[in-house]
Amino acid sequence: MLDHLSLLVLDALLIAVFFSFLWKPERSERWRYFWKVFGALVLGAVAVGWLMYPFPHS
Amino acid sequence: MADKAANRPARRESRLPMPVLLGLAWLVPGLGHLLLGRRLRAAVFAAVVLAGFVVGVVLDGELMTPHAGDPLSYLATFASLGNGLLYFIARSMGLGQGVVTAPAYEFGNTFLLTAGMMNLLLVLDTHDIAVGKKDW
């Protein structure tokens, strides 16, 4: 089974591809938008996880 | 941008009544775009929604049903139903029951809900293309 980070990256990949094709008509625009969304999702999730790290969990 | 749109070849527009077109777009991911002549996007959207759905089921995610007293379950059911035929086929095969104790259960749910909501967005996009709000 894939680990959680891999699953997160896979989900981000699918979402980024989806919105690139949904919102951008040109190939070059799509690539730019894809990397922007993909980066925001992956780095954002890692950043939020890092910020939550000090909080206790039961 | 307007020039680019004007230079694009004319696409075949569907002659189906709008409710039928939107119904088909919901039932089969990508079919709405295919019927409107957007073949590349139809293929990409179908692949993305199908991949998300399959991964969700494989990860023991749950295709939600409403539970009395749990308002969020109604929203989750709406999003799950967004998968169209995939939802009904999987449920009829006994898939997507959800294994709460599985390590990737929540990830499975995320993939299934994401796939369903993406397909619902495709229905709206199909509508926008069909009425001419979106010309590409």
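Residues numbered from 1 in each chain as written. Chains lettered and ligands numbered in written order. Predicted model: local features only at pLDDT ≥ 70, side-chain atom pairs only at ≥ 80, totals over all residues.

Chemist: What's the story with the overall build of chain B in this structure? I'm lost.
Modeler: On a plain count of helices and strands, chain B comes out with seven helices and zero strands. For chain B, the N- to C-terminal ordering of α and β elements is α-α-α-α-α-α-α. For chain B, the spread of C-alpha atoms along the three principal axes comes to 55 × 25 × 25 Å. Counting every position in chain B, which comprises 136 residues, the buried fraction comes to 40%. Considering only residue pairs separated by 6 or more positions, chain B has 69% of its internal contacts joining residues 24 or more positions apart. (Helix = DSSP H or I, 4+ residues; strand = E, 2+ residues; numbered from the N terminus. Buried ≥ 20, exposed ≤ 12 C-beta atoms within 10 Å, placed from the backbone. Contact = placed C-beta atoms within 7 Å.)

Chemist: Would you take a moment to explain the nonpolar core for this structure?
Modeler: If you look at the biggest cluster of nonpolar residues, it comprises 35 residues, and the most contacted ones within it are Phe 18 of chain A together with Phe 45 of chain B. Taken together, the elements giving at least two residues each to this core come down to helix H1 (4-23) of chain A together with helix H2 (18-27), helix H3 (31-35), helix H4 (39-58), helix H5 (71-81), helix H6 (85-92) and helix H7 (105-130) of chain B. Here this core takes nine residues from H7 of chain B, the largest share from any one element. (Core = buried A, V, L, I, M, F, W, Y, C linked by C-beta atoms within 7 Å.)

Chemist: Whenever I open this one, the environment of Asp 135 of chain B confuses me. Can you help?
Modeler: In this fold, Asp 135 of chain B is placed in the segment after H7. Along the primary structure Asp 135 of chain B and Leu 40 of chain B are separated by 95 residues, whereas in three dimensions their C-alpha atoms are 15 Å apart.

Chemist: Honestly, the interface of chain A and chain B in this entry has me stumped. Any pointers?
Modeler: How big an interface is tends to be expressed through the accessible area that disappears when the partners come together. Every contact between the two is made by twelve residues of chain A and, on the other side, 16 residues of chain B. Taken together, the residues of the side of chain A that touches chain B break down into ten nonpolar, one polar and one charged. (Nonpolar A, V, L, I, M, F, W, Y, C, P; charged D, E, K, R; others polar.)

Chemist: What is the right way to look at H5 of chain B in this model?
Modeler: Residues and elements named next belong to chain B. All of the buried residues in H5 are Ala 76, Ala 79 and Ser 80. Along the axis of H5, the buried residues cluster in a sector spanning 100°; they form a single face. Contacts from the buried residues of H5 go to H6 and H7. (Arc of directions from axis to C-beta.)

Chemist: Help me understand unusual backbone geometry in this model?
Modeler: For residues other than glycine, phi is negative in most cases, and the peptide bonds are mostly trans. A positive phi angle, close to 65°, is found at Asp 60 of chain B, a residue other than glycine. Within the fold, Asp 60 of chain B resides in the loop between H4 and H5.

Chemist: How should the confidence of the model for chain B be read in this particular structure?
Modeler: Reading fine detail from the predicted coordinates is not recommended where pLDDT is low. Mean pLDDT for chain B: 92, with 91% of residues reaching 70 or above. Two numbers describe this predicted complex: its pTM, 0.91, and its ipTM, 0.91. (pLDDT = per-residue confidence, 0-100.)

Chemist: What is the right way to look at H2 of chain B in this model?
Modeler: Since the α-helix advances by 3.6 residues per turn, residues separated by three or four positions end up pointing in the same direction. Residues and elements named next belong to chain B. For H2, every residue scored as buried is listed here: Leu 21, Ala 25 and Trp 26. The buried side chains of H2 occupy one side of the element, clustering within an arc of 135° when seen end-on. Structural note: H2 exposes Pro 19 and Val 20 on the side pointing more than 90 degrees away from its buried face. Structurally, H2 contributes buried residues whose contacts are with H3 and H7.

Chemist: Just to check I follow, could you spell out the environment of Arg 38 of chain B for this structure?
Modeler: Note on placement: Arg 38 of chain B falls in the loop between H3 and H4. Sequence separation between Arg 38 of chain B and Val 123 of chain B is 85 residues, and the spatial gap between their C-alpha atoms is 14 Å.

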